[in-house]
Amino acid sequence: METNIDPFDRRITYLRVSVTDRCNLRCCYCVSADGLNPLPHSEILRYEEIIEIVRAATDLGIRKLRITGGEPLIRRDILPFIKLLAATPGIEEIGLTTNGILLKDMAGPLSDAGIKRINISLDTLNPLKFRKITLRDSFYKVMDGIAAATEAFSLVKLNMVVIRGVNDNEIPQFVELAMHHPYVVRFIECMPIGKSGFWDIRKVLTFDEIKSRIELLGSLHQVPSMADDGPSKRYRLKHAKGEIGIISPLSHNFCADCNRIRLTANGRLRPCLFSDHEIDIKGPVRSGCTHKGLTDLIQKAIAQKPRRHYAGLDQESHLCSMSMIGG
Ligand code: SAM
């Protein structure tokens, strides 16, 4: 029988779709030192292929999508594609993860196209440090993008990857953002993923350390979790306009509540972010696989979700790059 329940009783309702491996930033913790090495365009799933896969996924109970990359907003015709996704029967919600560079002009149209939730990655509030982390001078474009997103969406989440010695001294400024603006500011543990060669245990601030740094600024009240919170532990500071989240895949893994699978830019289903085990779906979709055949493949990916990931705090891994998977 077809089901979206995996062998560990988790109901999989969420598909994250990486639409490109290309990016307009070169973040040190994400991109390998020798650059992005983008795939030939023919290796990347075409929009109509993604839609076919999404249609098959909805038959299994996938209800929520997130568009990511690489940088999803640099892919041509992303707006009409999102409109088509939003019109797909069974899809109830579409989110987007972006670095914000192109949001100034695109935030309104993205909202009109059907994006309901927007996450913007922002690792520093310092333009010079922005360049150091990303190798690009796009800080002010991102600020304009955040302003436009604030107008266009009822809720904006800002995601900061916390890295010791790089931006951990800015935790107070990010907390201030959540104090004075209605943003959800989320602090994320730096993960041992990709081919950047950057990751090192000494650069990681764990959940406990991030939380205690925030608590130096005021006491945190836990916000009761909601069904669709995802991996973030939610908190609020007294009188704050916004909220704080901490995402700690390493020190407090949330595998028991995992409800997602991933579709990589090159057309592979990835049951777990931290495992390189993938199932090819591009080959079948290109060789005329039936709708039922695609549904079976997605079900296979769900059935192969591991109980938990094994990316530990003391171990480095050299997995497929984050720009292909989308985080
Ligand atoms: N370009 C988009 C963006 O910047 O949001 C979407 C793709 S990006 C790969 C998705 C998220 O993954 C970003 O928030 C990025 O900071 C995060 N990310 C990439 N490598 C990471 C790592 N090693 N540890 C933690 N987060 C990482």
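Reading the values: rules and limits
- Residues numbered from 1 in each chain as written.
- Predicted model: local features only at pLDDT ≥ 70, side-chain atom pairs only at ≥ 80, totals over all residues.
- Heavy atoms only, no water.
- Helix = DSSP H or I, 4+ residues; strand = E, 2+ residues; numbered from the N terminus.
- Rg over C-alpha atoms; globule rule 2.2 N^0.38 Å.
- Buried < 20%, exposed > 50% of the residue type's maximum accessible area, 1.4 Å probe, protein only.
- Contact = heavy atoms within 4.5 Å.
- Areas by Shrake-Rupley, 256 points an atom, 1.4 Å probe, with all protein chains shown as cover.
- Lys, Arg positive; Asp, Glu negative; His and termini not counted.
- Charge placed at Lys NZ, Arg CZ, Asp CG, Glu CD.
- Arc of directions from axis to C-beta.
- Core = buried A, V, L, I, M, F, W, Y, C linked by side-chain atoms within 4.5 Å.
- Phe/Tyr/Trp six-rings, centres within 6.5 Å; stacked < 30°, edge-to-face > 60°.
- Lys NZ or Arg CZ within 6 Å of the ring centre and 35° of its normal.
- Pairing = 2+ DSSP bridges.
- Axes fitted to C-alpha atoms, helices over the stretch in contact; angles between N-to-C directions.
- Salt bridge = Lys/Arg side-chain N within 4 Å of Asp/Glu carboxyl O.

> Any chance you could explain the overall build of the protein here in plain terms?
When its secondary structure is counted, the protein shows 10 helices and 12 strands. Taking 20 Å as the expected radius of gyration for a compact globule of 327 residues, we find that the protein reaches 19 Å, a close match to that expectation. Principal-axis analysis of the C-alpha atoms gives the protein an extent of 55 × 40 × 40 Å. Among the 327 residues that make up the protein, the fraction classed as buried is 57%. Taking the intrachain contacts of the protein between residues at least 6 apart in sequence as the baseline, contacts between residues at least 24 apart amount to 74%. A total of about 14600 Å² of accessible surface is found on the protein, and carbon and sulfur atoms cover 53% of it. Separation between the mean location of the 45 positive side-chain charges and that of the 38 negative ones in the protein comes to 1 Å.

> What's the story with helix 3 (residues 103-113) in this structure? I'm lost.
Residues lying three or four places apart along an α-helix face the same way, a consequence of the helix completing one turn every 3.6 residues. Along helix 3, the positions that sit buried rather than exposed are Leu103, Met106, Ala107, Leu110 and Ala113. The buried residues of helix 3 occupy an angular sector of 135° when the element is viewed end-on, so they sit on one face. Within helix 3, the exposed residues directed more than 90 degrees away from the buried face are Lys104, Asp105 and Asp112. Where helix 3 terminates, the next one or two residues include Gly114, which has phi positive at roughly 125°.

> Please explain the nonpolar core as it appears in this structure.
Considering soluble globular proteins, one finds that nonpolar side chains tend to be buried as a cluster. The biggest cluster of nonpolar side chains holds 103 residues, and the ones touching the most others in it are Phe81, Phe187 and Ile298. At seven residues, the largest contribution of residues to this core is made by helix 1 (residues 47-59). When near neighbours in sequence (up to four residues on either side) are disregarded, Ile298 contacts Ile53, Ala56, Ala57, Leu60, Ile261, Leu269 and Ile281.

> Even after reading the chapter, I still don't get the packing of aromatic side chains, so can you show me in this structure?
Any aromatic ring pair is given by two values, namely how distant the centres are and how the planes are angled relative to each other. Applying the stated criterion to the full structure yields three aromatic pairs. Relative to Phe139, the ring of Phe130 lies with its centre 5.8 Å away and its plane at 70°, an arrangement referred to as edge-to-face. Of the residues examined, Phe139 reaches a relative accessible area of 6% and is grouped as buried. Aromatic pair Phe139 and Tyr140: ring centres 5.1 Å apart, planes at 85°, arrangement edge-to-face. For Tyr140, a relative accessible area of 56% puts it in the exposed group. In this structure an aromatic cluster arises from ring pairing among Phe130, Phe139 and Tyr140. Taking the ring centre of Tyr14 as reference, the NZ or CZ of Lys64 above it sits at 4.6 Å. Over the face of the ring belonging to Phe198 we find Lys203, whose NZ or CZ atom lies 3.8 Å from the ring centre.

> Can you help me understand the sheet that holds strand 7 (residues 220-222) in this one?
Strand pairing in a sheet relies on backbone hydrogen bonds. The paired strands run either parallel or antiparallel. Strand order in the open sheet formed by 12 strands is 7-8-9-6-5-4-3-2-1-10-11-12, with mixed pairing between adjacent strands. This sheet does not close on itself; its edge strands, each paired only once, are strand 7 and strand 12 (279-280). Contacts between helix 2 (residues 78-86) and the sheet are confined to strand 2 (64-68) and strand 3 (93-98), with strand 2 contributing the most and set at about 170° to the helix. Helix 6 (residues 171-180) rests against strand 5 (156-162), strand 6 (184-189), strand 8 (233-237) and strand 9 (243-247) of the sheet, and its axis sits at about 150° to strand 6.

> Could you clarify how one ought to interpret the pairing of strand 1 (residues 14-18) in this entry?
The two faces of the sheet receive side chains in turn, since in a regular strand these alternate between them. Counting buried residues along strand 1, five of its five residues qualify, which places the element largely inside the surrounding structure. Here strand 1 runs beside strand 2; their pairing, made up of five bridges, is parallel. Bridging from a neighbouring strand, Tyr14 pairs with Lys64 of strand 2. By the bridge criterion, four bridges tie strand 1 to strand 10 (residues 260-263) in an arrangement that is parallel. Note on strand 10: the bridge partner recorded for Arg16 is Arg262.

> What's the story with the pattern of salt bridges in this structure? I'm lost.
Side-chain pairing between opposite charges can occur once the charged atoms of the two side chains come close. Summed over all chains, the structure comprises 20 salt bridges. A salt bridge links Glu43 to Lys282; its shortest N-O distance comes to 3.1 Å. Of this pair, Glu43 sits in the loop between strand 1 and helix 1 while Lys282 sits in helix 8 (residues 282-286), and the two are 239 residues apart along the sequence. A salt bridge links Glu49 to Arg46, with the shortest nitrogen-to-oxygen separation between them at 2.9 Å.

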